[in-house]
Amino acid sequence: MKISVELTLTPLQNEFEPAIIHFIKKLRASNLNVLENPLSTQVYGDYDEVMQLLTTEIKEAFELIERGLLYMKIVKSDRHDYEPHF
């Protein structure tokens with residue numbers, strides 16, 4: 001089953017950029033399709049692969065920050081090639 005996941009990591013501390021950069025670089029290093037924009041990062045692929053990666057990398061990201069939020073949306077389909085038609 002293919003999924004699309006949108007993630008927004010928000011550390012609640014002054015020094016936040018290193019943790020976000022580390023998190024994104026770890027996602028990029030996977031063999032999954034990863035796209036970024038200024039507000040979020042999207043990961044696309046097989047459910048088991050994506051969730052296994054996210055379980056590991058979210059835990060590591062949380063260990064690198066004192067406090068933080070992670071917003072996650074999951075869609076059951078691979079939407080990496082979505083283009084608006086309006």
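Placed above this text is the structure.
The rules we used
Residues numbered from 1 in each chain as written. Predicted model: local features only at pLDDT ≥ 70, side-chain atom pairs only at ≥ 80, totals over all residues. Heavy atoms only, no water. Patch = residues over 30% accessible without salt bridge, like charges linked within 9 Å, V, L, I, M, F, W, Y side chains within 5 Å. Areas by Shrake-Rupley, 256 points an atom, 1.4 Å probe, with all protein chains shown as cover. Salt bridge = Lys/Arg side-chain N within 4 Å of Asp/Glu carboxyl O. Helix = DSSP H or I, 4+ residues; strand = E, 2+ residues; numbered from the N terminus. Buried < 20%, exposed > 50% of the residue type's maximum accessible area, 1.4 Å probe, protein only. Pairing = 2+ DSSP bridges.

Our focus in this paragraph is a nonpolar patch on the surface. Taken together, Leu-12, Leu-69 and Tyr-71 make up a surface patch of nonpolar side chains, about 290 Å² in accessible area. Within the secondary structure, Leu-69 sits in strand 4 (residues 68-75). Exposure remark for Leu-69: the relative accessible area of 35% places this residue in the partly exposed category.

This paragraph deals with the pattern of salt bridges. Per the stated rule, a full pass over the model turns up 5 salt bridges. Residue Lys-73 pairs with Glu-6 through a salt bridge whose shortest N-O separation is 3.3 Å. In this pair, Lys-73 is assigned in strand 4 and Glu-6 in strand 1 (residues 2-11), connecting sequence segments 67 residues apart. In this structure, the salt-bridge partner of Glu-66 is Arg-67, at a minimum N-O distance of 2.6 Å. Judged by its relative accessible area of 45%, Arg-67 falls in the partly exposed class.

In this section: the pairing of strand 3 (residues 41-46). In terms of burial, strand 3 is largely enclosed, as 5 of its 6 residues are buried. Direction of pairing for strand 1 relative to strand 3: antiparallel, over a ladder of 6 bridges. Its bridge partner being in strand 3, Lys-2 is matched across the sheet by Asp-46. With 4 bridges joining them, strand 2 (residues 33-36) and strand 3 adopt antiparallel strand pairing. Note on strand 3: the bridge partner recorded for Asn-33 is Tyr-44. A loop of 4 residues connects strand 2 with strand 3, the two strands running antiparallel in sequence.

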